[in-house]
Amino acid sequence: GEPTPLQRAASGEGEAAALIRRAAAPWSPASHSLFPAAARARAALLVRSIYEIHERYHLDSAGATNGIAALDFGHCVLGFAIARETE
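Residues numbered from 1 in each chain as written. Predicted model: local features only at pLDDT ≥ 70, side-chain atom pairs only at ≥ 80, totals over all residues. Heavy atoms only, no water.

## Looking at the overall build of the protein
The helix and strand inventory of the protein stands at 4 helices and 0 strands. Along the protein, helices and strands appear, N-terminal first, in the series α-α-α-α. Expressed as a percentage of the 87 residues in the protein, the buried residues total 16%. Within the protein, contacts between residues separated by at least 24 positions form 39% of all contacts whose residues are at least 6 apart in sequence. Working note: accessible area of the protein is about 6,400 Å², and carbon and sulfur atoms make up 59% of it. (Helix = DSSP H or I, 4+ residues; strand = E, 2+ residues; numbered from the N terminus. Buried < 20%, exposed > 50% of the residue type's maximum accessible area, 1.4 Å probe, protein only. Contact = heavy atoms within 4.5 Å. Areas by Shrake-Rupley, 256 points an atom, 1.4 Å probe, with all protein chains shown as cover.)

Right under this line is the structure:
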């Protein structure tokens with residue numbers, strides 16, 4: 001059959017091909033605007049929550065780093081936590 005738009009964009013050049021590749025990729029700050037409103041709202045809520053966790057708990061009571069790297073965690077997992085489809 002015919003190649004999908006993503007298959008065409010995979011080997012394509014230019015802004016349109018880049019946009020299709022970005023839109024097909026998991027959520028990221030760079031692709032945020034390409035997701036439906038409900039997914040963007042979920043992403044915003046999760047980012048704020050992760051930031052709050054980071055700000056509250058990244059230091060222990062003695063002021064030492066306690067190993068919680070919430071921002072790094074967020075960058076690694078949010079792409080899997082935000083879906084275009086709603087359940």
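Having seen it, we continue.
## Some thoughts on the packing of aromatic side chains
Counted by the stated rule, this structure contains 0 aromatic pairs. The ring of Phe-35 has Arg-84 sitting right over it, with the charged end atom 3.9 Å from the ring centre. (Phe/Tyr/Trp six-rings, centres within 6.5 Å; stacked < 30°, edge-to-face > 60°. Lys NZ or Arg CZ within 6 Å of the ring centre and 35° of its normal.)

## Observations concerning the confidence of the model for the protein
Here the protein averages 80 in pLDDT, and 77% of its residues register 70 or above. Averaged pLDDT values for the elements of the protein fall to 74 in helix H4 (residues 70–81) and rise to 90 in helix H2 (residues 15–24). (pLDDT = per-residue confidence, 0-100.)

## Here's the deal with the environment of Leu-19
By secondary structure assignment, the location of Leu-19 is in helix H2. Residue classification places Leu-19 among the partly exposed residues on the basis of a relative accessible area of 39%. Along the primary structure Leu-19 and Ser-31 are separated by 12 residues, whereas in three dimensions their C-alpha atoms are 9.0 Å apart.

## Overview of the side chain of Ser-31
For Ser-31, the position within the fold is in the loop between H2 and helix H3 (37–57). Residue contacts for Ser-31: discarding those within four places in its chain leaves Arg-22 and Pro-26.

## Details of the nonpolar core
If you look at the biggest cluster of nonpolar residues, it comprises 7 residues: Trp-27, Phe-35, Ala-39, Ala-43, Ile-50, Leu-78 and Ile-82. In terms of residues, this core owes the most to one element, H3, which gives 3 residues. When sequence neighbours within four positions are dropped, the list of residues in contact with Leu-78 reads Trp-27, Leu-46, Val-47 and Ile-50. (Core = buried A, V, L, I, M, F, W, Y, C linked by side-chain atoms within 4.5 Å.)

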